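Spelled out from the first residue to the last, the chains are:
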Amino acid sequence: NAGVTQTPKFRILKIGQSMTLQCTQDMNHNYMYWYRQDPGMGLKLIYYSVGAGITDKGEVPNGYNVSRSTTEDFPLRLELAAPSQTSVYFCASSYSGPASTDTQYFGPGTRLTVL
Amino acid sequence: DQQVKQNSPSLSVQEGRISILNCDYTNSMFDYFLWYKKYPAEGPTFLISISSIKDKNEDGRFTVFLNKSAKHLSLHIVPSQPGDSAVYFCAAISRVTSYGKLTFGQGTILTVHP
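Residues numbered from 1 in each chain as written. Chains lettered and ligands numbered in written order. Predicted model: local features only at pLDDT ≥ 70, side-chain atom pairs only at ≥ 80, totals over all residues. Heavy atoms only, no water.

A.B. asks: Please explain the sheet that holds strand β6 (residues 56-59) of chain B as it appears in this structure.
C.D. replies: Note on sheets: strands pair through backbone hydrogen bonds, and any given pair is parallel or antiparallel. All names here are of chain B. Within the open sheet, the 5 strands sit side by side as β1-β3-β8-β7-β6. Their pairing is antiparallel. Two strands bound the open sheet, and with one partner strand each, they are β1 (4-5) and β6. Here β1 runs beside strand β3 (residues 19-25); their pairing, made up of 2 bridges, is antiparallel. Its bridge partner being in β3, Lys 5 is matched across the sheet by Asp 24. (Pairing = 2+ DSSP bridges. Helix = DSSP H or I, 4+ residues; strand = E, 2+ residues; numbered from the N terminus.)

The following block contains the structure:
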């Protein structure tokens, strides 16, 4: 099992460009999450999904979009990149959500710089 | 509003000694707490957790203590090893209301010196 994989590992964008961060999990988890981690800060939830076709906003959703067409994939779209979106992005998945003690499994992260 | 706080950005410990990492929270709805460990250029990995119905959970060298009245939890690592050097994140969740959404602290960088 590869677990949670993310591509690319690194990316530099110019202001106003757009890109999609890819996330795939092979554990048949129904819950998936996108976090961002800024220097010296904890992880903040951007969007999450409780299953294919169902997504919802987290704590910091502005400037991002997501879709979940399959159980395995949960891409994060950045439209009109801004310097404030410079961060490390982590995708995570877990088997179940509410009232669950299941832990979240994280991908290795994508380091994004917007110049 | 930082609902989960780790007030010590870093901690340095000698190999073999105890490491104590602290975490405070403000949301009384949190009922499950987790510690994650993160190495550079990797994603966080789950370390240990505790439910609010307990005050202690132990797993090998790692023990988490929960003081609900003080809204405080701590992670004890005994004995500390150089391989424990990493960033440690405290996280909390309200399993009734939050649908799997973890709230993370800022992290504490632990350095264990040989």
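Don't stop here, the text continues.
A.B. asks: Got a minute to help me understand the interface of chain A and chain B in this structure?
C.D. replies: It is common to report an interface's size as the accessible area lost on association of the parts. Every contact between the two is made by 22 residues of chain A and, on the other side, 19 residues of chain B. The contact between chain A and chain B buries some 1,700 Å² in all, and 63% of this surface belongs to carbon and sulfur atoms. Here chain A and chain B share 0 salt bridges between them. If you list the elements that add at least two residues to the side of chain A that touches chain B, you get β4 (31-37) and β5 (43-51) of chain A. (Contact = heavy atoms within 4.5 Å. Buried area = accessible area lost by both parts, 1.4 Å probe. Salt bridge = Lys/Arg side-chain N within 4 Å of Asp/Glu carboxyl O.)

A.B. asks: Even after reading the chapter, I still don't get the nonpolar core, so can you show me in this structure?
C.D. replies: For soluble globular proteins, nonpolar side chains are generally found buried alongside one another. Judged by nonpolar contacts, the single largest core of 23 residues is most densely connected at Phe 33, Trp 35, Leu 73, Leu 75 and Tyr 88 of chain B. Looking at this core, the elements with two or more residues in it are β3, β4 (32-38), β5 (45-51), β7 (62-67), β8 (72-77), β9 (86-93) and β11 (108-113) of chain B. Setting aside residues up to four positions removed in sequence, Leu 75 of chain B forms contacts with Ser 19, Ile 20, Leu 21, Trp 35, Leu 47, Ile 48, Phe 62, Thr 63 and Tyr 88 of chain B. With 19 residues, the next largest nonpolar core counts Leu 21, Tyr 64, Leu 76 and Ala 81 of chain A among its residues. (Core = buried A, V, L, I, M, F, W, Y, C linked by side-chain atoms within 4.5 Å. Buried < 20%, exposed > 50% of the residue type's maximum accessible area, 1.4 Å probe, protein only.)

A.B. asks: Got a minute to help me understand the pairing of strand β9 (residues 87-94) of chain A in this structure?
C.D. replies: Residues in a regular strand project their side chains so that they alternate between the two faces of the sheet. Residue and element names in this part refer to chain A. In terms of burial, β9 is largely enclosed, as 8 of its 8 residues are buried. Where burial is concerned, the two faces of β9 agree: the one with Ser 87, Tyr 89, Cys 91 and Ser 93 and the one with Val 88, Phe 90, Ala 92 and Ser 94 are both buried. The pairing of β4 with β9 spans 7 bridges and is antiparallel. Pairing of Gln 37 across the sheet is with Val 88, part of β9. Where β9 lies against strand β11 (residues 110-114), 3 bridges are found, and the strand directions are antiparallel. Looking across to β11, one finds that Tyr 89 is bridged to Thr 110. Direction of pairing for β9 relative to strand β10 (residues 105-106): antiparallel, over a ladder of 2 bridges. Within β10, the residue paired with Ala 92 across the bridge is Phe 106.

A.B. asks: Sorry if this is basic, but what is going on with the pattern of salt bridges here?
C.D. replies: Side-chain pairing between opposite charges can occur once the charged atoms of the two side chains come close. Residue and element names in this part refer to chain B. Applying the stated rule across the entire model yields 6 salt bridges over all chains. Taking the shortest distance from any N to any O, the salt bridge between Asp 84 and Lys 37 comes out at 4.0 Å. Here the residue Asp 84 occupies a position in the loop between β8 and β9, and Lys 37 occupies one in strand β4, the gap between them amounting to 47 residues. By the burial criterion, Asp 84 is buried, and Lys 37 matches it. One salt bridge in this structure joins Asp 84 and Arg 61, with 2.8 Å as the shortest N-O distance. You can see Asp 84 sitting in the loop between β8 and β9 and its partner Arg 61 sitting in the loop between β6 and β7, a full 23 residues away along the chain. On the basis of relative accessible area, Asp 84 is assigned to the buried category, the value being 2%. Among the charged side chains, a salt-bridge network with shared partners connects Lys 37, Arg 61 and Asp 84.

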